[in-house]
Amino acid sequence: MTVLQPFVWGRSMADHFLKIRGLEKSYAMGVIKVLNGLDLTMTSKDRLVVIGPSGGGKSTLLRCIMGLENIAAGAIDINGEPYIGADNGATRIDRRIQKQIGMVFQSYTLFPHLNVLKNLTLAPVRSRGVPRSVAEDRAREIMRRFGLDQKLTAYPSELSGGQKQRVAIARALMLDPKLMLFDEVTSALDPELVSEVIAMIIELADGGMPMMIVTHDMWFARRIATRVVFCAGGTIAEDAPPEEFFARPTSQRARDFINNVLHANAEPA
Amino acid sequence: MDNLDFSVVWKFRDALAWGLMMSLLLSGICSLAGTVLGFFIALCQQSRFRAVRWAAALYVEVLRGAPTLITLFWVFFCLPIILGVEINAFWSSIIALTLYMGAITSESFRSSLKSIGQDQYDACNALGLAPATRTFYVIAPQALIRAIPNILSNVISLFKESTLVSAVGMVELMYTAQSISNITARPIEILTAVALIYFVIGYGFSWVVSSVELRIRARVQS
Ligand SMILES: Nc1ncnc2c1ncn2[C@@H]1O[C@H](COP(=O)(O)OP(=O)(O)O)[C@@H](O)[C@H]1O
Ligand SMILES: [Mg+2]
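Predicted model only: the values in this text are computed from it and were never measured.

**Student:** Where do I start with the interface of chain B and chain A in this structure?
**Tutor:** Accessible area lost on assembly of the parts is the figure often given for the size of an interface. Contacts between chain B and chain A engage 21 residues on the former and 26 residues on the latter. When the two sides are added together, the surface that chain B and chain A hide from each other amounts to roughly 2000 Å², 62% of it contributed by carbon and sulfur. If you look at where chain B meets chain A, you find one salt bridge. In this structure, the salt-bridge partner of Asp-122 of chain B is Arg-63 of chain A, at a minimum N-O distance of 2.7 Å. It is helix α6 (residues 118–126) of chain B that provides the largest number of residues to the side of chain B that touches chain A, a total of seven residues. Considered class by class, the residues forming the side of chain B that touches chain A number eleven nonpolar, seven polar and three charged.

**Student:** Would you mind going over the sheet that holds strand β10 (residues 227–232) of chain A with me for this structure?
**Tutor:** Hydrogen bonding along the main chain pairs the strands of a sheet, whether they run parallel or antiparallel. Residue and element names in this part refer to chain A. If you trace the six strands from one edge of the open sheet to the other, you get β7-β8-β9-β3-β10-β11, paired in mixed fashion. Whereas interior strands pair on both sides, the edge strands pair on one side only; in this sheet they are β7 (101–104) and β11 (235–240). Across the sheet, the axes of successive neighbouring strands diverge by a mean angle of 20°, strand direction being ignored. Taken strand by strand, helix α2 (residues 58–66) contacts β3 (47–51), β7, β8 (179–183), β9 (211–214) and β10, and its axis lies near 150° from that of β8.

**Student:** Is there a simple way to think about the packing of helix α5 (residues 132–145) of chain A against helix α6 (residues 161–173) of chain A in this case?
**Tutor:** Think of two packed helices as two axes; the pair is described by the angle between the axes and how far apart they sit. Residue and element names in this part refer to chain A. One way to put it is that α5 packs onto α6 with a least axis distance of 10 Å and a crossing angle of 135°. In terms of axis orientation, α5 runs oblique to α6. Our pair here, α5 against α6, has a crossing hand that is right-handed. Mapping the contact onto sequence places Arg-138, Ile-142 and Met-143 in α5 and Val-167, Ala-170 and Leu-173 in α6. In the contact of α5 with α6, the residues fall into five nonpolar, no polar and one charged.

**Student:** I'm lost on the sheet that holds strand β2 (residues 32–42) of chain A in this one. Help?
**Tutor:** Residue and element names in this part refer to chain A. The five strands are arranged β2-β1-β4-β5-β6 in an open sheet whose pairing can be described as antiparallel. Edge positions in the sheet fall to β2 and β6 (90–93), since each has one partner strand and no second. Geometrically, the sheet is characterised by an average inter-axis angle of 15° between neighbouring strands, direction not taken into account. In the sheet, strand β1 (residues 18–27) pairs with strand β4 (residues 73–78) via five bridges, with the strands oriented antiparallel. Within the sheet, the bridge partner assigned to Lys-19 lies in β4 and is Asp-77. On top of the sheet, α2 reaches β1, β2, β4 and β5 (81–87); it is set at about 115° to β1, its chief contact.

**Student:** How do you make sense of empty space enclosed by the protein when you look at a structure like this?
**Tutor:** Considering all chains together, one arrives at two cavities of 30 Å³ or more under this definition. Each pocket or cavity is described by its volume, and for the largest cavity that value is around 100 Å³. Within the residue set of the lining of the largest cavity, elements represented by two or more residues are β7 and α6 of chain A together with α6 of chain B. Taken together, the residues that form the lining of the largest cavity break down as ten nonpolar, three polar and three charged. As a volume, the second largest cavity reaches approximately 40 Å³. Around the second largest cavity, the lining residues are Arg-47, Ile-202, Ala-205, Asp-206, Arg-223 and Ile-224 of chain A.

**Student:** Help me out: how do you make sense of the packing of aromatic side chains in this one?
**Tutor:** Aromatic rings in a pair are described by how distant their centres are and how their planes are angled relative to each other. Summed over the entire model, instances satisfying the criterion amount to nine aromatic pairs over all chains. By the ring-pair criterion, three or more aromatic residues cluster together here, those being Phe-73, Phe-76 and Phe-77 of chain B. Across the ring face of Phe-111 of chain A, the terminal group of Arg-171 of chain A is positioned such that the distance to the ring centre comes to 4.4 Å.

**Student:** Help me understand the site of ligand 1 in this model?
**Tutor:** Residues and elements named next belong to chain A. If you check the shell around ligand 1, you find Tyr-27, Ile-32, Val-34, Pro-53, Ser-54, Gly-55, Gly-56, Gly-57, Lys-58, Ser-59 and Thr-60 and nothing else. Gly-56 is positioned such that a nitrogen or oxygen atom in its backbone is 3.2 Å from an oxygen atom of ligand 1. One of the backbone N or O atoms of Gly-57 is found 3.0 Å from an oxygen atom in ligand 1. In isolation ligand 1 exposes 560 Å². Once the protein is present, 60% of that is buried. The set of elements that each furnish at least two residues to the shell around ligand 1 consists of β2 and α2. The residue makeup of the shell around ligand 1, split by class, is four nonpolar, six polar and one charged.

**Student:** I'm lost on the pairing of β11 of chain A in this one. Help?
**Tutor:** All names here are of chain A. Here β10 runs beside β11; their pairing, made up of five bridges, is antiparallel. From the neighbouring strand, Ala-232 faces β11, where its bridge partner is Thr-235. Once β10 ends, the chain turns through two residues before running back antiparallel as β11, passing Gly-233 with a positive phi of about 60°.

**Student:** What is the right way to read the nonpolar core from this model?
**Tutor:** Generally speaking, soluble globular proteins have nonpolar side chains that are buried together. Ranked by size, the top nonpolar core spans 55 residues in total, and within it Ile-169, Phe-182, Ile-201, Met-211, Ile-224 and Phe-245 of chain A carry the most contacts. For this core, the leading source of residues is helix α7 (residues 191–206) of chain A, giving nine residues. Phe-39, Val-75, Ala-147 and Val-165 of chain B belong to the second largest nonpolar core, which has 40 residues in total.

**Student:** Please clarify how the state of the cysteines should be interpreted in this entry.
**Tutor:** Working definition of a disulfide: a covalent bond connecting the sulfur atoms of two cysteines. Tallying each qualifying case throughout the model produces zero disulfides over all chains. Cysteine Cys-124 of chain B is unpaired, with the sulfur of Cys-64 of chain A as its nearest cysteine sulfur at 19 Å. Its relative accessible area of 0% is what places Cys-124 of chain B among the buried residues.

**Student:** How should I be thinking about the packing of helix α2 (residues 13–44) of chain B against helix α8 (residues 173–184) of chain B in this particular structure?
**Tutor:** Residue and element names in this part refer to chain B. Running from N to C, α2 and α8 cross one another at 155°; their axes reach a closest spacing of 7 Å. Our classification of the angle between α2 and α8 gives roughly antiparallel. Packed against α2, whose contacting residues are Ala-15, Leu-16, Gly-19, Leu-20 and Ser-23, the element α8 presents Leu-173, Thr-176, Ala-177 and Ile-180 at the interface. A per-class count over the contact of α2 with α8 returns six nonpolar, three polar and no charged.

Rules used throughout
Residues numbered from 1 in each chain as written. Chains lettered and ligands numbered in written order. Predicted model: local features only at pLDDT ≥ 70, side-chain atom pairs only at ≥ 80, totals over all residues. Heavy atoms only, no water. Contact = heavy atoms within 4.5 Å. Buried area = accessible area lost by both parts, 1.4 Å probe. Salt bridge = Lys/Arg side-chain N within 4 Å of Asp/Glu carboxyl O. Helix = DSSP H or I, 4+ residues; strand = E, 2+ residues; numbered from the N terminus. Nonpolar A, V, L, I, M, F, W, Y, C, P; charged D, E, K, R; others polar. Pairing = 2+ DSSP bridges. Axes fitted to C-alpha atoms, helices over the stretch in contact; angles between N-to-C directions. Parallel < 35°, antiparallel > 145°, perpendicular 65-115°, else oblique. Left-handed = near helix turned anticlockwise from the far one by under 90°. 1 Å grid on protein atoms, 1.4 Å probe; cavity = no way out; pocket = protein on both sides within 12 Å on 5 of 7 lines; lining within 4 Å. Points joined across faces, edges and corners; volume = space filled by probe spheres on them. Phe/Tyr/Trp six-rings, centres within 6.5 Å; stacked < 30°, edge-to-face > 60°. Lys NZ or Arg CZ within 6 Å of the ring centre and 35° of its normal. Near = heavy atom within 4 Å. Polar contact = N/O pair within 3.5 Å; in protein donor to acceptor, adjacent residues only side chain to side chain. Areas by Shrake-Rupley, 256 points an atom, 1.4 Å probe, with all protein chains shown as cover. Core = buried A, V, L, I, M, F, W, Y, C linked by side-chain atoms within 4.5 Å. Buried < 20%, exposed > 50% of the residue type's maximum accessible area, 1.4 Å probe, protein only. Disulfide = S-S within 2.5 Å.

Take it as geometry only, folks, not as evidence of what the structure does.
Structure representation (structure tokens):
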């Protein structure tokens, strides 16, 4: 039942929002194999939380979906259209589709030489041809919506880690993405700054944004996921709704992982 | 070694001031031109084309490796023969010092370009910035900012190296000092005073460099 669920899900809803087939990725000219024929589907209603051991390929998976990596084999389709594919060693990426995906990283990736407003408007103005005044109005609106409007003229070095990540999310939202990817966006933060970032992501989720989230925060995972996938050894070892996943993980690896993480979280600091 | 008379320095103050102005002018022009050249060379070293990368690397190695005096003599004596045009002391000095500044500055830019992390490139690519946009608006400005302290140190080196151009008869502070020494037969007073001038300017400038460095640090941390 648990094993069949994602397959049935994708098919029964006839919603092939994101479909990954046989994705293979390696580094160092094929010596380090990171993704080994990974399959994954996601509907436009899904918020997929990816968990798994360090080095299991979670970041690589998200980077591939973002179109930041060359792939060795496999394909990624979005809404039934080919998005990324591999033909004899060359990676084909449909840039039109790539533009509809946004990503936020673990490290702060704001542009340090530009203030917040310029960080937000650079891509719309310079790569999407949005008039500057329109982009600036939109930046103000987004910043107001997320309670950051005091910070428009601040430089990244003047922001807290939590504010930096929220601005990074806002910067991605400027481009009106149809899918958001979050790779451990709270891992580098001091504990007291985590919740403001999580709150922003939850607000987006409540607004219906499809997203894929890598996190080690099990509370956050339970709160936001429609599905949890366990990524280890370069494949998806388990895929289930959160209640089921945390209550009855089917694979031994997932069980061990959850026990370890919950145990570590329960330990007093 | 008796009766040192530093009033001779004061007596020739106008000539020395004029020499100093020429030295500063020369260093200023060549710093600006050399910085632009160095930035261009650093970008060439990142080129997709191997021939361009090699040409840039060769330029840097030759000009950093060769004594600046040889570069200067080469420009002054050899280049006119090759090109068949007259190049006077002033232009030889400008060309040689600019070539030198370009070479050392390209290294400053190269290391500042290298110091920009992969995550900045990832962020640009995730935002769909074209490579030229990425270079022009994100990578190059940060490289420039990071290179500023280094480039200012290069300016100090250039200012000191600029004394060499007196060897081809370029009238600047060093040349003026030598001439006055010869006329007055008071090299100790004159050369000591000139050494002091170079020291004060170089030291003052490096003080500026370190305060600039502190301000800049904040603008390069994402
Ligand atoms: N640029 C790279 N070059 C070489 N190996 C890499 C690179 N990036 C990631 N890897 C390797 O790929 C594996 C998976 O990494 P990653 O996707 O970051 O895992 P996770 O995010 O699950 O911790 C790791 O063994 C890592 O060392
Ligand atoms: Mg990772």
